[in-house]
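Residue strings, one per chain:
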Amino acid sequence: MPHRVKSSHRSVGSREPTAIPLGKGRRERADAVVAGDGIVALAAALALRTALGEQARILVLGKPAPIAHEIDPRAYAIAGSARRLLEGLGVWPVLEADAQPMEHIFVTDSRLDDVVRPAFLSFLGDTHEPESGNTFAHMIEAKALRNALLGALNLARIETVPLRVHALIHESDDDRIVLRAESGEVIASALLVAADGARSTCRELAGISWIGWDYPQLGLTTTIAHEREHGARAYEHFLPGGPFAILPLKGRRSSIVWAEGKREAKRLLALDDREAFIEITRRFGHELGALRLEGRLIGYPLSFGIARAFTARRLALVGDAAHVIHPVAGQGLNLGLQDVAALADAVSEAAHLGLDPGNPFTLSAYQRARRFDTTAMAALTDGLVRLFSNDHLPLRALRDFGLSLVDRAPPVKRLLANRAAGRVRA
Amino acid sequence: MRAPSIDDAEVERFERLAATWWNQQGPMRALHAMNPARLAWIRREASRHFGLDPSERRIFAEHSVLDIGCGGGLLCEPLARLGAKVTGIDPASENIEVAKAHGERAGLAIDYRCSTVEEIAARGERFAVVLAMEVVEHVADVPAFLTSCERVLEPGGLLLMSTLNRTLRSFALAILGAEYLLRWLPRGTHDWEKFLTPGELASQLRRARLVPRNPEGLLFDPLRWEWRLSHDTAVNYVVSARKRGTQNAAAENGRAEGAEKT
């Protein structure tokens, strides 16, 4: 019987083995280990519990803890496919009170000093599902999403171990992957799910290469309280520096997310609250009445990257460990949650066949399900960014023409809207 | 615990053999690749035959299963995980050693024996499900083998078999393709003349007083690198057969015994 890891203080492995002898030494055993403690990691652990059943031992390597809004003011647009996963995991009922439906999205293209912004693309009603009215996505703040997942994690009896993976070892019979922590603990698991972010240690240890680059911009985000109701509307303005999105939150609040050239972004991040407020107001516009800054402005690097493979022996990459895309279409987390859903489907099938969750057929089914979809989305968002992050006049004319063309062609627009709602399957 | 006197070379040889069976990219990768499709079929046939809930993850409820020619336990382990009470037999003692060691490490209680179906039949043991997967093509006396299979089945029990058809395509694919081109199987594993067509196997099964169902094809898709069930039985096929009589008879006996004890 496996003994339990309760804390990092208990030593599991005794010596420092280069290869662990079969049947010797004390080590922890698990059916699945999730490396990482972000939203995708927590969702992956819960989805594996559903797929593998109550008997399975599932470990999360990380320190999943609640995060205060002041530290992480981010909010996510949860598309239909991601919502269905959260429903399946039983966390949606908890989240629903904090989830703001988005019913309309206006996409405009303007310079900062344009008085009236032309609304080229309005996705009004184009994406509605019969059961959810006009809602094509829900806005949820990081804090609420994280807390709901943490609550479910406890109920699902998923153990969390505050360890970091230091080495991955394969044994001759290929039944499990052996993880060694920096502090010497050893865990053998049938499957390792790497949800440890864009700079995934597991990905590197598994020798999976990464193709990617940084955008010459930073992402900026904060929360704004406003006088008037937002009416469940989202706006995406394509400004010269990059896209600027206003996304409705519960109450008279909105999350704003935009990209700015690095120099300008650093200038904005260095401003005091009053000065930052003025800059934000200038971009936000006056449609929603008087504004108030709620929380601070934070910045993060924007990059693009995709793993050469999404799987290795007994290892699956999910979320940012597999792909990082520009947040222009708000699809990063949705892609990550779709990875989780696809992996859980493949693992559930394995469990119904009595096969272990990390067998090569299950992993290749996962890779087949995800790689094309992700590559398509990554290319699409990268293309959008390159098209819009430019103040070059002919290009502007071209994209204005292009957007109005899209607007007059309902099928094309519906495709884009469906893509945004995560409803298109490759 | 290993005593230090045990020869390291011996341990190494054993571990190499274990890896031969259990490395999913190793010499047995053809069998590993077949496993998902074979298990899906076993699951479906058993749930139809015994009226089990197909949505249940652990579909078997202590059903006794005999796996003839279990090798390193590639089918025994999944079936044990699905709730079956599994006995695996193989004439090669090395295979049984590998299977035992691997099953223990996986924490599965499987009864592995170095034995043959004839010996099991002679001891009068009976099972709800008998598997003869990729076995009949290696058997010298097919009628005698099938008679023994029938004898080790409980009344109303289920025999599940997979084998290779004797067609030109199977000759080309199984012999040249799998053995020589893909190097999937050790050379000389198969002897094409010994292959039975589905019709021949069905009549042999009937002669052994079993009731066969329609055979189904097991097809390899080289693009997806996976096996799936199909109507095409030209190369690999599976067939199930039931033993006459009802399980109720056995179940009622069991209940009567239980009643006597109380």
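This one's a predicted model, so the numbers in the text were calculated from it and none came from an experiment.

Calculation criteria
Position labels on residues start from 1 in each chain and follow its written sequence. Think of it this way: whatever chain is written first is A, whatever ligand is written first is 1, and the rest follow in order. Two thresholds apply to this predicted model, a pLDDT of at least 70 for residue-level local features and 80 or more for giving and counting side-chain atom pairs, whereas whole-chain, interface and lining totals are computed over all residues. To get the side-chain values, all heavy atoms of the structure are used, and hydrogens and water are removed first. Strands are runs of DSSP state E lasting at least two residues, helices are runs of H or I lasting at least four, and both sets are numbered from the N terminus onward. Partly exposed describes any residue whose relative accessible area lies between the buried limit of under 20% and the exposed limit of over 50%, with all areas from a 1.4 Å probe on protein chains only and scaled to the type maximum. Residue contacts are counted whenever heavy atoms from the two residues lie within 4.5 Å of one another. What sets the accessible areas is the Shrake-Rupley method with a 1.4 Å probe; for residues, cover comes only from the shown protein chains. Throughout this description, the term salt bridge denotes a Lys or Arg side-chain nitrogen within 4 Å of a carboxyl oxygen of Asp or Glu. Residue count minus one, scaled by 1.5 Å, sets the expected span of a helix. A 3.5 Å cut-off defines polar contacts: any pair of N or O atoms within that distance qualifies, except that in protein one atom must be a possible hydrogen donor and the other a possible acceptor, and neighbouring residues in sequence count only when both atoms are side-chain atoms. Accessible surface is computed with a 1.4 Å probe, and the buried area is the amount of it that two parts give up when combined, taken over both parts together.

A. Structural detail: the overall build of chain A. A count of helices and strands for chain A gives 11 helices and 19 strands. A total of 426 residues make up chain A; the buried ones form 57% of that total. When contacts within chain A are restricted to residue pairs at least 6 apart in sequence, those whose partners lie at least 24 apart make up 75%. When the accessible surface of chain A is totalled, it reaches about 18200 Å², and 55% of it is carbon and sulfur.

B. Up close: the environment of A:Ala137. Residue and element names in this part refer to chain A. Within the secondary structure, alanine 137 is located in strand β7 (residues 137–141). Accessibility expressed as a relative area gives 5% for alanine 137, which makes it buried. Taking the C-alpha atoms as reference, alanine 137 lies 33 Å from serine 209; in sequence the two are 72 residues apart. Sequence-distant contacts of alanine 137, defined by excluding residues within four places in its chain, comprise Ile78, Ala79, Gln100, Pro101 and Met102.

C. The pattern of salt bridges, seen in detail. Residue and element names in this part refer to chain A. Counted under the stated rule, the structure contains 28 salt bridges over all chains. Among the salt bridges present, the one from glutamate 264 reaches arginine 267, with a minimum N-O distance of 2.9 Å. In this pair, glutamate 264 and arginine 267 both sit in helix α6 (residues 262–270), 3 residues apart, roughly one turn of the helix. On the basis of relative accessible area, glutamate 264 is assigned to the partly exposed category, the value being 24%. Overall, the relative accessible area of 37% leaves arginine 267 in the partly exposed class.

D. Up close: helix α7 (residues 273–284) of chain A. Residue and element names in this part refer to chain A. Given a rise of 1.5 Å per residue, 12 residues ought to cover 16 Å, and the 16 Å separating the end C-alpha atoms of α7 matches this to within 8%. The N-cap residue of α7 is aspartate 272: its side-chain oxygen and the backbone nitrogen of arginine 274 are 3.1 Å apart. After α7 finishes, the residue glycine 285 shows a positive phi value of roughly 90°.

E. Main features of the interface of chain A and chain B. Tallying the contact residues gives 26 residues for chain A and 26 residues for chain B. Between chain A and chain B, the buried area comes to about 2200 Å², and carbon and sulfur atoms account for 48% of it. The largest share of the area that chain A buries against chain B comes from A:His352, A:Leu353 and A:Phe361, three residues that together contribute 29% of it. Summed over the shared surface of chain A and chain B, the number is 1 salt bridge. Between A:Arg368 and B:Glu226 there is a salt bridge, with its nearest N and O atoms 3.2 Å apart. Counting residues per element, the ones that place at least two in the side of chain A that touches chain B are α1 (39–52), α8 (332–352) and α9 (360–388) of chain A.

Limitation: the analysis is restricted to geometry and does not speak to function.
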